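A structural walkthrough
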Amino acid sequence: MSTLAVISGKGGAGKTVTSINLALALAGRRRSTVLVDTNLTTPHVGIHLGSPNNPVDLHDIISGHKHVRHGLYIHRSGLRVVPADLSFRTLEDHHADMLGNVISTLSGAHEFVILDGPNGFGKDFHAVVRSADNVLVVTNPELSAVTGALKAIRSAEMHNSEVAGVVLNRVKNDRHDLSVSEVEELIGKKVSVVIPEDDAVRDSIRSRNPLISSYPKARSALGFAGLADNLARRRY
């Protein structure tokens, strides 16, 4: 089993799109997989999947009001999801620390637990990374995003979480993009997969249906599928 936190150091890198499509691709390879929206302040998974409001969510679970089984939903794509709450409901500081218990419960029943991580580097970010076996870092080919990715990598290493890979997302291949080699030199890690800028991604978000389901032959979808193949072949 593996708990994989999908993180980035900058908003808009494509972390949620990566989390959703990676989780669905793994599930499509008959690997028992669940996606958890651990972005407790600005969750996006429910919005992307067309179910922003749910009777029970991660906030209810980690605050001790509900068991994790009550907050586990199956999307029409077949993806198993634990969403977070979109409202302005706040959590006590110690509740973020309870996240590890929830993740441990889920990892006992699934081969892969994919965590769509929080934005920024606050308490919830560190709680997520600390609870994960591995992290997947998502970045874009621009200096500010890569700088954030380097900070995310160092934070993960501080918590002894292995960096399972780096996703270079939204690549346009124009003169403004950093090259793959430039990104690798800056972060000190190899890029695992390059995902091109693709209108199919925007269309899938608009339709509230994962890219892997709605455009399985799109270049970006094939990139996520290849990433899933690589992760599924590893032994954790």
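Up top is the structure these notes are about.
Before going into details, it helps to say that this report is about the structure given with it.

The rules behind the values
- Residues numbered from 1 in each chain as written.
- Predicted model: local features only at pLDDT ≥ 70, side-chain atom pairs only at ≥ 80, totals over all residues.
- Heavy atoms only, no water.
- Buried < 20%, exposed > 50% of the residue type's maximum accessible area, 1.4 Å probe, protein only.
- Helix = DSSP H or I, 4+ residues; strand = E, 2+ residues; numbered from the N terminus.
- Pairing = 2+ DSSP bridges.
- Right-handed = clockwise from strand over helix to strand, strands pointing away.
- Contact = heavy atoms within 4.5 Å.
- Axes fitted to C-alpha atoms, helices over the stretch in contact; angles between N-to-C directions.
- Expected span 1.5 Å × (residues − 1).
- Parallel < 35°, antiparallel > 145°, perpendicular 65-115°, else oblique.
- Left-handed = near helix turned anticlockwise from the far one by under 90°.
- Nonpolar A, V, L, I, M, F, W, Y, C, P; charged D, E, K, R; others polar.
- Core = buried A, V, L, I, M, F, W, Y, C linked by side-chain atoms within 4.5 Å.
- Salt bridge = Lys/Arg side-chain N within 4 Å of Asp/Glu carboxyl O.

Concerning the pairing of strand E7 (residues 162–171)
With eight of its ten residues buried, E7 lies for the most part within the structure. Of the pairings in the sheet, the one linking strand E6 (residues 134–139) to E7 comprises six bridges and is parallel in character. By the bridge assignment for E7, Leu136 is matched with Gly165. The parallel pair E6 and E7 is bridged by helix H7 (residues 143–158), and the resulting crossover is right-handed. Pairing analysis gives three bridges linking E7 to strand E8 (residues 193–196), with the strands arranged parallel. The partner of Val171 across the bridge, within E8, is Pro196. The handedness of the E7 to E8 crossover, carried by helix H8 (residues 180–187), is right-handed.

Observations regarding the sheet that holds strand E1 (residues 2–7)
Strand order across the open sheet formed by eight strands is E3-E4-E2-E5-E1-E6-E7-E8, with mixed pairing between neighbours. Each edge of the sheet is formed by a strand with only one pairing partner; in this case those strands are strand E3 (73–74) and E8. As paired strands, strand E2 (residues 33–37) and strand E5 (residues 112–116) are joined by five bridges and run parallel to one another. Paired with Thr33 across the strands is Phe112, a residue of E5. Strands in contact with H7 are E1, E6 and E7; relative to E6, the strand with the most contacts, it is inclined by about 170 degrees. Against the sheet, helix H11 (residues 219–233) engages E1, E5, E6, E7 and E8, with an angle of about 160 degrees to E8.

A closer look at helix H1 (residues 15–28)
The end-to-end C-alpha distance of H1 is 20 Å, a good match for the 20 Å that 14 residues give at a rise of 1.5 Å each. Burial within H1 is extensive, with twelve of its 14 residues counted as buried. Here H1 has its buried residues at Lys15, Thr16, Val17, Thr18, Ser19, Ile20, Asn21, Leu22, Ala23, Leu24, Ala25 and Leu26. Just downstream of H1 lies Arg30, where phi reads positive at about 60 degrees.

Here's the deal with the packing of H1 against H11
The interhelical angle for the contact between H1 and H11, taken along N-to-C directions, is 60 degrees, at an axis separation of 9 Å. Accordingly, the angle class assigned to the pair H1 and H11 is oblique. Crossing of H1 against H11: the hand is right-handed. Packed against H1, whose contacting residues are Val17, Thr18, Asn21, Leu22, Ala25 and Leu26, the element H11 presents Phe224, Ala225, Leu227, Ala228, Leu231 and Ala232 at the interface. Looking at the contact of H1 with H11, its residues break down into ten nonpolar, two polar and no charged.

Some details on the nonpolar core
In this structure, Ile7, Leu58, Leu106, Leu115, Val135, Val137 and Ile187 are the most contacted members of the largest nonpolar core, which totals 37 residues. Of the residues forming this core, the biggest block, six residues, is contributed by H7. Ignoring any residue separated from it by four or fewer positions in sequence, one finds Val135 in contact with Leu4, Ala5, Ile7, Val129, Ala156, Ser161, Glu162, Val163, Ala164 and Gly165. Residues Val6, Ala23, Val81 and Ile195 belong to the second largest nonpolar core, which totals 34 residues.

A few points about the pattern of salt bridges
A complete count under the given rule lists eight salt bridges for this structure. Taking the shortest distance from any N to any O, the salt bridge between Asp116 and Lys15 comes out at 3.3 Å. Of this pair, Asp116 sits in strand E5 while Lys15 sits in helix H1, and the two are 101 residues apart along the sequence. Residue Asp116 is classed as buried on the basis of its relative accessible area, which comes to 0%. The closest approach of N and O atoms between Arg170 and Glu197, which form a salt bridge, is 3.0 Å. Here Glu197 lies in the loop between E8 and helix H9 (199–207) and Arg170 lies in strand E7, a separation of 27 residues in the sequence. With a relative accessible area of 37%, Arg170 lands in the partly exposed category.

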